[in-house]
There are 2 protein chains.
Amino acid sequence: MSDKTVTLINVFTVKPERQQELVELLTKATEESVRHAPGFMSARLHRSLDGTKVTMYAQWRSNEDYQAMRKDPAPLPCLTKALEIATFEPGMYEVAQSLSPSGTDA
Amino acid sequence: MSDKTVTLINVFTVKPERQQELVELLTKATEESVRHAPGFMSARLHRSLDGTKVTMYAQWRSNEDYQAMRKDPAPLPCLTKALEIATFEPGMYEVAQSLSPSGTDA
């Protein structure tokens, strides 16, 4: 991973009865537009076991690539709907440490 | 990844001047004890570019393995110090979607 790689970790808070709908909206936005953008490396969408959160973990080649994607209006309809049923806390990160298991049992 | 795999995404909020100290405490707790626990699969520690957050992303073979590790007192001194300088919001998840780039430019 190059020094410029950025990791987006966006935590959405939602009512449990709308968690599945939120997963579907964020999947659709990513499938149909975000993942086609230059510099998109990977994304993983997570549903919390307690039903109250959905978290997107995504890696981009650079902040510039990510900002360029954000100017694309294509994912906005899904994202607007997502923010009607959820609040979110965005975060942009660099990886500080990667830690592996020790031994063979892990 | 099996159906039982769990992903922990823990978001710590910290003053920027203590972000590095927090990264070091969480690294030490993971290096010295957590990663030796049965069922630990991987962890990645992230520092936010704005200085205000540190987020741990970790995968465990099962919730049972994770809960067993939590009974180990070894990481507690580091984690206690971490919580003196930060607040945190824990989250336990399953992966809902993994999304890859399309085309060759991404």
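Quick look at the structure, then.

Parameters at a glance
Residues numbered from 1 in each chain as written. Chains lettered and ligands numbered in written order. Predicted model: local features only at pLDDT ≥ 70, side-chain atom pairs only at ≥ 80, totals over all residues. Heavy atoms only, no water. Helix = DSSP H or I, 4+ residues; strand = E, 2+ residues; numbered from the N terminus. Buried < 20%, exposed > 50% of the residue type's maximum accessible area, 1.4 Å probe, protein only. Contact = heavy atoms within 4.5 Å. Areas by Shrake-Rupley, 256 points an atom, 1.4 Å probe, with all protein chains shown as cover. Lys, Arg positive; Asp, Glu negative; His and termini not counted. Charge placed at Lys NZ, Arg CZ, Asp CG, Glu CD. Least-squares fit on C-alpha atoms with pLDDT ≥ 70 in both. Arc of directions from axis to C-beta. Axes fitted to C-alpha atoms, helices over the stretch in contact; angles between N-to-C directions. Parallel < 35°, antiparallel > 145°, perpendicular 65-115°, else oblique. Left-handed = near helix turned anticlockwise from the far one by under 90°. Nonpolar A, V, L, I, M, F, W, Y, C, P; charged D, E, K, R; others polar.

## Remarks on the overall build of chain A
- Check the secondary structure of chain A and you find 3 helices and 5 strands.
- If you list the helices and strands of chain A from N to C, you get β-α-β-β-α-α-β-β.
- With the principal axes as the frame, chain A shows a C-alpha extent of 45 × 35 × 20 Å.
- Sorting the 106 residues of chain A into buried and exposed places 47% on the buried side.
- Contacts in chain A between residues far apart in sequence, at least 24 positions, make up 75% of those at least 6 positions apart.
- Working note: accessible area of chain A is about 5,500 Å², and carbon and sulfur atoms make up 51% of it.
- Across chain A, 12 positive and 14 negative side-chain charges occur, with their mean positions spaced 4 Å apart.

## Things to note about the relation of the copies chain A and chain B
- Mapping chain A onto chain B calls for a rotation angle of 180° and an axial translation of 0.0 Å; the resulting RMSD is 0.0 Å. Such values leave the two copies arranged in the relation of a two-fold axis.
- Most of the interface of chain A is mirrored in chain B, where 100% of its interface residues again form contacts.

## Some points on helix H2 (residues 63-70) of chain B
Residues and elements named next belong to chain B.
- For H2, the set of buried residues is Asp65, Tyr66 and Met69. All buried residues of H2 project into a common sector of 100° when viewed along the axis, lining one side. Structural note: H2 exposes Glu64 and Arg70 on the side pointing more than 90 degrees away from its buried face.
- Where H2 is buried, its residues contact strand E1 (6-14), strand E3 (53-60) and strand E5 (92-99).

## Comments concerning the packing of helix H1 (residues 19-32) of chain A against helix H3 (residues 76-85) of chain A
Residue and element names in this part refer to chain A.
- At their nearest, the axes of H1 and H3 sit 9 Å apart, and the two run at 160° to each other. Comparing the axis directions of H1 and H3 gives the class roughly antiparallel. As H1 packs across H3, the resulting crossing turns out to be left-handed. Two secondary-structure elements touch here, H1 through Glu21, Leu22, Leu25, Leu26, Lys28 and Ala29 and H3 through Cys78, Leu79, Lys81, Ala82 and Ile85.
- Residues that form the contact of H1 with H3 fall into these classes: 8 nonpolar, no polar and 3 charged.

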